[in-house]
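Okay, here's what each chain looks like letter by letter:
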Amino acid sequence: MKKYILALDQGTSSSRAIVFDQQGKPKAVSQKEFTQIFPKPGWVEHNPMEIWSSQASVIAEAITSIGINGQNIAGIGITNQRETTIVWDAETGEPVYNAIVWQDRRTSRYCDRLKKEGRTDFIRNKTGLIIDAYFSATKVRWILDNVEGARQKAEEGRLRFGTVDTWLVWMLTRGQVHVTDVSNASRTMLFNIHTLQWDKDLLELFNIPESMMPQVKSSSEIYGYTKATLFAYEVPIAGMAGDQQAALFGQMCTEPGSVKNTYGTGCFLLMNSGEKPIMSSNNLLTTVAWKIGDTVNYALEGSIFVAGSVVQWLRDGLGIIRSSSDIEKLAKSVPDNGGVYFVPALTGLGAPYWDQYAKGSLYGISRGTTAGHIARAALEGIAFQTMDIVKAMEKDAGCALKELKVDGGASRNNLLMQFQADVLGTSVIRPKVTETTALGAAYLAGLAVGYWDSIDHIKSQWGVEKEFTPQADEETVSALKEGWADAIKRTLTDK
């Protein structure tokens, strides 16, 4: 009987299921968007039950589309939007509140308070993270403090916390397994990346009972077996990593110094830093990449909050394109940006600026500005933000970037990828399989169940689809960089 690996890719705007074969090729893909909830300005929520139902439906669609069932699935790998926070009742499995999404800014003031109290180094030294509303800790605390009865239930040991990976495993096993992996745990601001355990001092600081926390496991092992009605057979759940770490693995960035950038809802640039964490001096994050067996790999990360979602805004908010795929054609309708710069700080600015209060801004608009210029400036803004992070990363690592491997939806945009190569002055490489996030989760699961026998075996499957090399002249690039630096300076707040 032919066997496959099923990857669940639970993202910020959609849930997907992809079936991979032994050659690492996708055989079936199913995707479903779900509701984005914006109760107040700066607040972003999802319905945890809708996350689950959308994920369950795409699993069924993907496996039935190629006429297979649970018997054909050797293992399930899970990758997920990170930091998004769900708290639920341990007995009923009912969420006590909506999932608070990683983009949500409601705890910004509390983060300011922590900084004023001098907690920055204390938190950073343990977690590798900067104090920001982005991470899970302040979101959990908010739920416990603002949902009626939640604090008391938590103290009685009746509530469970999880990022989306934890929630999916809980649902797939019908509440039998409450786990996360080191990569997701390292994004909560509650996990000590040196001891690889929940940090009691941090749990105390945020007033979160330890009984809520999932057990932390490696990124590649059998965590449990499906008990849901989706499969007539018990299928091992065997791989788990946050979406950006999964993409790093899917891109086979297994050597220290190798770098990938994922162009999704946000943009996430990660460099494998080997078996020891590099603590950043340039406002980047230090994070756990993965743990396989007894070996832990760490990564330096720069997070851009708004990348692909700026294209969604041009579609849904501004209405200048009908579908996201129209952006490249519109941007190509003009030869350059016409002096227009778009800083897409629609949910604040991430690395290396970490300005929670920055707002999106368009500069350089004149009577001659067209929708094409705005579209082009939006794409260029994604590439410029990536450039800023690369500069910071090169300083931290003490070496220049040799090449950038790219993936995610917007990596299929040739105009953006060429511009990225131009402003970085280095090669940008797009692989044959751009589903690297799901592929990374599949590889982690496949290694755990013996579907693939080694990382070296997997490496032989990675191939280049297209390489973009710098084409623009230095004078043009230099002027563009100056314009961007000015736009950033005008956007940053003084708070």
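Source: prediction; values computed, not measured.

Thresholds applied
- Residues numbered from 1 in each chain as written.
- Predicted model: local features only at pLDDT ≥ 70, side-chain atom pairs only at ≥ 80, totals over all residues.
- Heavy atoms only, no water.
- Pairing = 2+ DSSP bridges.
- Helix = DSSP H or I, 4+ residues; strand = E, 2+ residues; numbered from the N terminus.
- Axes fitted to C-alpha atoms, helices over the stretch in contact; angles between N-to-C directions.
- Contact = heavy atoms within 4.5 Å.
- 1 Å grid on protein atoms, 1.4 Å probe; cavity = no way out; pocket = protein on both sides within 12 Å on 5 of 7 lines; lining within 4 Å.
- Points joined across faces, edges and corners; volume = space filled by probe spheres on them.
- Nonpolar A, V, L, I, M, F, W, Y, C, P; charged D, E, K, R; others polar.

### Some words on the sheet that holds strand 5 (residues 73-80)
Adjacent strands of a sheet form backbone hydrogen bonds with each other and so pair up, either parallel or antiparallel. Pairing is mixed across the open sheet formed by 6 strands, whose spatial order is 3-2-1-5-14-13. At either margin of the open sheet sits one strand with a lone partner, and together these are strand 3 (26-33) and strand 13 (220-225). Here the average twist between neighbouring strands, direction ignored, is 25°. One ladder, built from 7 bridges, connects strand 1 (residues 4-10) with strand 5; its direction is parallel. Within strand 5, the residue paired with Leu 6 across the bridge is Ile 76. Sitting on the sheet, helix 1 (residues 48-65) is in contact with strand 1, strand 2 (14-20), strand 3 and strand 5, with an inclination near 30° to strand 2. Seen against the sheet, helix 6 (residues 164-172) touches strand 1, strand 5, strand 13 and strand 14 (236-242) and runs at an angle of roughly 145° to strand 5.

### Re the layout of surface pockets
Estimated volume of the largest pocket: approximately 1,000 Å³. Forming the boundary of the largest pocket are 41 residues, of which Tyr 263, Gly 264, Thr 265, Gly 409 and Ala 410 lie nearest the centre. Of all the elements in the fold, those that place two or more residues in the lining of the largest pocket are strand 2, strand 3, helix 9 (243-250), strand 15 (259-263), helix 10 (308-318), helix 11 (327-331) and helix 14 (436-448). Tallying contributions element by element places helix 10 first for the lining of the largest pocket, with 5 residues. Taken together, the residues of the lining of the largest pocket break down into 9 nonpolar, 22 polar and 10 charged. What the second largest pocket holds in volume is close to 790 Å³. If you go around the second largest pocket, you meet 30 residues; those closest to its centre are Phe 38, Val 44, Gln 103, Leu 346 and Thr 347. Of all the elements in the fold, those that place two or more residues in the lining of the second largest pocket are helix 2 (108-116) and helix 10. It is helix 10 that provides the largest number of residues to the lining of the second largest pocket, a total of 6 residues. The class makeup of the residues in the lining of the second largest pocket is 9 nonpolar, 13 polar and 8 charged.

These figures capture arrangement, not role.
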